[in-house]
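Spelled out, the chains give:
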There are 2 protein chains.
Amino acid sequence: MKTFVRRREDFTWDGVPLLAYKEEPGTHFRQVTRQVLSPDSADFPAELRYFEVAPGGHSTLERHQHVHMALIGRGAGHCLVGDEVFAVGALDAVMIPPLTWHQFRATGSEPLGFFCVVSRDRDRPRLPTEDDLKALGANPAVKDFIRV
Amino acid sequence: MKTFVRRREDFTWDGVPLLAYKEEPGTHFRQVTRQVLSPDSADFPAELRYFEVAPGGHSTLERHQHVHMALIGRGAGHCLVGDEVFAVGALDAVMIPPLTWHQFRATGSEPLGFFCVVSRDRDRPRLPTEDDLKALGANPAVKDFIRV
């Protein structure tokens, strides 16, 4: 288990692979990278990941049974949790309850970086169906915000 | 479950109690505050806490079976993990393996704030015995660093 992982100026971490998702037709995110900071250890029931959304980009609109706990790491943007949209900044905390739709967007000129703590043992995210999108769109603020 | 918790300028979080430990003779920390940011939810196997050590202060020198994952939140300082002392700064990550002695100190003129992710289900920290302190002190760098 590596004990010390230094953050570099550019918000990458020493020795941590930077995973850039491929953007293909049919993918549901835009300009997002991921770094896994926690050790792969059976002694630790959680994972700590860092996601960064480039200006104009967004994470996947999704929900799942497991709880997400996010901590904004850098920059600013907005996030949807359920039917509320929040303006977020560095070190604000966001709790995403079970089965709650959520999405992060880098709405300004800065990247939006956030840490996310999740259980190692978790269900797969689910994407919205056409019916889900219709239900979400009943709220005009949510309709304006979401990207799929 | 509260979904959004804003960080204030002074590194306290809206609606989160700031726990200041009482410093009594026989306590093993100095000038440390604690805030618990994660929800108290059976759906979430981890806790996210924010600790802040005032300049000159230190956390308890301790070890335990459960793994600590720390993320520096603000300021700078040093931490001991096992027999190594690291200079730490904002958003560096520190993993503390099982049964490994560790201590954080705000060694400069700034406070040292760090987030700590732990399992909800965890053993109690253990303090060093006289024999442990003797063993730790065999390494001069560790001997100089530790505060009890």
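Within each chain, residue numbers correspond to sequence positions counted from 1 in written order. Chains and ligands are labelled by the order in which they are written, letters from A for the one and numbers from 1 for the other. Local features in a predicted model are, by the rule used here, given only for residues with pLDDT of at least 70; side-chain atom pairs are given and counted only at 80 or more, and totals for whole chains, interfaces and linings are based on all residues. Excluded from the side-chain calculation are hydrogens and water; included are all heavy atoms of the structure.

A. Just the interface of chain B and chain A, in detail. Counting residues at the interface gives 38 residues for chain B and 38 residues for chain A. Taken over both partners, the interface formed by chain B and chain A buries close to 3400 Å², and the fraction arising from carbon and sulfur atoms is 72%. Three residues, T3, L91 and M95 of chain B, lead the burial of chain B against chain A; their summed loss comes to 19% of the area buried on that side. Each salt bridge in this description consists of a side-chain nitrogen of Lys or Arg and a carboxyl oxygen of Asp or Glu lying within 4 Å of one another. Counting the contacts that link chain B with chain A gives 2 salt bridges. Between D92 of chain B and R6 of chain A there is a salt bridge; the shortest N-O distance is 3.8 Å. Any pair of N or O atoms that falls within 3.5 Å is considered a polar contact. Within protein, one atom must be able to donate a hydrogen and the other to accept it, and sequence-neighbouring residues count only if both atoms are side-chain atoms. At the junction of chain B with chain A, the criterion picks out 10 residue pairs in polar contact (both at pLDDT 80 or more). Should any heavy atoms of two residues lie within 4.5 Å, those residues are considered in contact. Buried surface area refers to the total accessible area, computed with a probe of radius 1.4 Å, that the two partners give up upon joining, counted for both partners together.

B. Main features of the pattern of salt bridges. All names here are of chain A. In the structure shown here, the tally under the stated rule is 12 salt bridges over all chains. D40 is the partner of R120 in a salt bridge, and the nearest nitrogen-oxygen pair spans 3.0 Å. Of this pair, R120 sits in the loop between β9 (112–119) and α1 (130–137) while D40 sits in the loop between β3 (30–36) and β4 (46–58), and the two are 80 residues apart along the sequence. Among the ionic pairs, E47 bridges to R122, the shortest N-O distance being 3.5 Å. Of this pair, E47 sits in strand β4 while R122 sits in the loop between β9 and α1, placing them 75 residues apart in sequence. The buried label applies to any residue whose accessible area, calculated with a 1.4 Å probe on protein chains only, is under 20% of its type's maximum; exposed applies above 50%, and partly exposed to all values in between. Under the relative-accessibility criterion, R122 is labelled partly exposed at 32%. A run of DSSP states H or I qualifies as a helix once it reaches four residues; a run of E qualifies as a strand once it reaches two. Both are numbered from the N-terminal end.

C. Examining the confidence of the model for chain A more closely. A residue's pLDDT is the predictor's confidence in that residue, given on a scale from 0 to 100. Summing up the model confidence of chain A, the mean pLDDT is 93 and the portion of residues at 70 or higher is 96%. Note on the complex model: pTM 0.93, ipTM 0.91.

D. Representation of the environment of N139 of chain B within the structure. Relative to the elements of secondary structure, N139 of chain B occurs in the loop between α1 (130–137) and α2 (140–145). A polar atom in the side chain of N139 of chain B sits 3.0 Å from the backbone nitrogen of A141 of chain B.

E. Layout of the packing of aromatic side chains. Pairs were defined over the aromatic rings of Phe, Tyr and Trp, the Trp ring being its six-membered one, requiring ring centres within 6.5 Å. Orientation was assigned from the angle between planes: stacked under 30 degrees, edge-to-face over 60, tilted for the rest. Taken as a whole and judged by the stated rule, the model has 14 aromatic pairs over all chains. Seen in terms of ring centroids, F51 of chain A and F114 of chain A are 5.5 Å apart; in terms of plane orientation they differ by 25 degrees. Their pairing is stacked. In this pair, F51 of chain A is assigned in strand β4 and F114 of chain A in strand β9, connecting sequence segments 63 residues apart. The exposure class of F114 of chain A is buried, given its relative accessible area of 5%. Only when the NZ atom of a Lys or the CZ atom of an Arg is both within 6 Å of the ring centre and within 35 degrees of the ring normal do we say a charge sits over the ring. Here R7 of chain B stacks its cationic end above the ring of F11 of chain B, 4.3 Å away from the centre of that ring. R105 of chain B extends its terminal NZ or CZ atom over the ring of F145 of chain B, reaching a point 4.8 Å from the ring centre.

F. The arrangement of the relation of the copies chain B and chain A in detail. Mapping chain B onto chain A calls for a screw motion: a turn of 180 degrees about the axis and a shift of 0.0 Å along it, with 0.0 Å RMSD after fitting. The transformation just described matches what one would write down for a two-fold rotation axis. Comparing interface residues between copies, 100% of those in chain B also lie at the interface in chain A; the contact surface is shared. Least-squares fitting of one copy onto the other uses the C-alpha atoms of those residues that reach a pLDDT of at least 70 in both copies.

G. View of the side chain of H66 of chain B. Note on placement: H66 of chain B falls in the loop between β4 (46–58) and β5 (68–81). Within the local environment of H66 of chain B, its side chain forms a polar contact with the side chain of D123 of chain B, the two groups lying 2.6 Å apart.

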